[in-house]
Amino acid sequence: MRIQPVASLIAALLLAAACHPRPDVAAAPDATDLAQLRAATQPFTLLDSAVAAGYTRNVTACLVHEHHGAMGYHHTNPPLMDATVDPTRPEILLYERMPSGAYQLNGVEFIVPYRSWPRDSIAPRALGQAMQHEDNLNFWYLHVWAFRPNPDGLFANFHPDVRCPAEESRVFRPSEG
């Protein structure tokens, strides 16, 4: 019986599997890109500064998930929506409207439309992360909770502590797959 070659093969396969992280686990963020993102978007903690830089002022829908919290208000800058992923120029700023009426910048979202980066290609990357695909909206995306720590992770889609006013809440159901 030849057990030794089989055992060696199994050991080699286990070692190879251990050296390749699971694809569903986010890699550590690129610290330099994250620092650049925070520095570049810090002025946008004031919504007026974001509007002056080309982001939309009025957003009526606050996106929520039935079980995972919310994303908040998506203030977009459409001219930035192309194939370029620049950590200093996110396509969307994620705000939460506080009970006082003031807006709080919690994070950003990077967007790459399928027209610029086809769905059937390798995912674009931002901050060391492979972007996710949203087939309902035809784009790649990545959320980064750069200003409000998220217990579900820096790159989680929703934040369990973000709240939306009931009258402006819109349930969002990401595409599957």
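In this convention, every chain numbers its residues from 1, walking through the sequence in written order. For this predicted model, a pLDDT threshold of at least 70 governs which residues receive local features, and a threshold of 80 or more governs which side-chain atom pairs are given and counted, while totals over whole chains, interfaces and linings are taken from all residues. To obtain the side-chain values, all non-hydrogen atoms of the structure were included, while hydrogens and water were left out.

**Topic: the pairing of strand β3 (residues 92-97)**
Point 1. Among the six residues of β3, five are classified as buried, and the element is accordingly described as predominantly covered.
Point 2. A pair of strands is labelled paired if DSSP reports no fewer than 2 bridges between them. A helix here means a DSSP run of H or I that spans at least four residues, while a strand means a run of E at least two residues long, and both kinds are numbered starting from the N terminus. In this structure, strand β2 (residues 69-76) lies alongside β3, joined through four bridges in antiparallel fashion. Its bridge partner being in β3, Thr-76 is matched across the sheet by Ile-92.
Point 3. Taken together, the six bridges between β3 and strand β4 (residues 103-113) define a ladder with antiparallel strand orientation. Each bridged residue has a counterpart across the sheet, and for Leu-93 the counterpart in β4 is Val-108.
Point 4. Connecting β3 to the next strand, β4, in antiparallel fashion are five residues, including Gly-101 with a positive phi near 100 degrees. A simple rule labels every residue: compare its accessible area, found with a 1.4 Å probe on the protein chains alone, to the largest value its type can have, and call it buried under 20%, exposed over 50%, or partly exposed in between.

**Description of the packing of aromatic side chains**
Point 1. Stacked, tilted and edge-to-face are the three classes assigned to paired rings of Phe, Tyr and Trp, where Trp is represented by its six-membered ring and a pair needs centres within 6.5 Å; plane angles under 30 degrees give stacked, over 60 edge-to-face, the rest tilted. Evaluated as defined, the whole model comprises five aromatic pairs.
Point 2. Ring centres 5.9 Å apart and planes at 70 degrees place the aromatic pair Tyr-73 and Tyr-103 in the edge-to-face group. Placement of Tyr-73 in strand β2 and of Tyr-103 in strand β4 is noted, with a sequence separation of 30 residues between them.
Point 3. Between Phe-139 and Tyr-141, the aromatic rings sit 6.4 Å apart at their centres with planes inclined by 80 degrees, giving edge-to-face as the arrangement.
Point 4. Judged by its relative accessible area of 16%, Phe-139 falls in the buried class.
Point 5. The rings of Tyr-73, Tyr-95 and Tyr-103 are connected pair by pair, giving a single aromatic cluster.

**A few points about the confidence of the model for the chain**
Point 1. The quantity known as pLDDT measures the predictor's confidence residue by residue, on a range of 0 to 100. Predicted confidence across the chain gives a mean pLDDT of 85, with 82% of residues reaching 70 or more.
Point 2. Element-level mean pLDDT values for the chain span from 35 in helix α1 (residues 3-19) up to 98 in helix α3 (residues 47-52).
Point 3. The low-confidence segment residues 1-25, where pLDDT is below 50, has zero contacts with residues more than four positions distant or belonging to other chains. The contact criterion used is simple: two residues touch if any of their non-hydrogen atoms lie within 4.5 Å.

**Considering the pattern of salt bridges**
Point 1. Every case where a carboxyl oxygen of Asp or Glu lies within 4 Å of a side-chain nitrogen of Lys or Arg is listed as a salt bridge. Applying the stated criterion to the full structure yields four salt bridges.
Point 2. When the shortest N-O distance is used, the salt bridge between Glu-168 and Arg-97 registers 3.0 Å. Of this pair, Glu-168 sits in the loop between β8 (139-144) and β9 (169-171) while Arg-97 sits in strand β3, and the two are 71 residues apart along the sequence.
Point 3. What makes Arg-97 partly exposed here is its relative accessible area of 24%.

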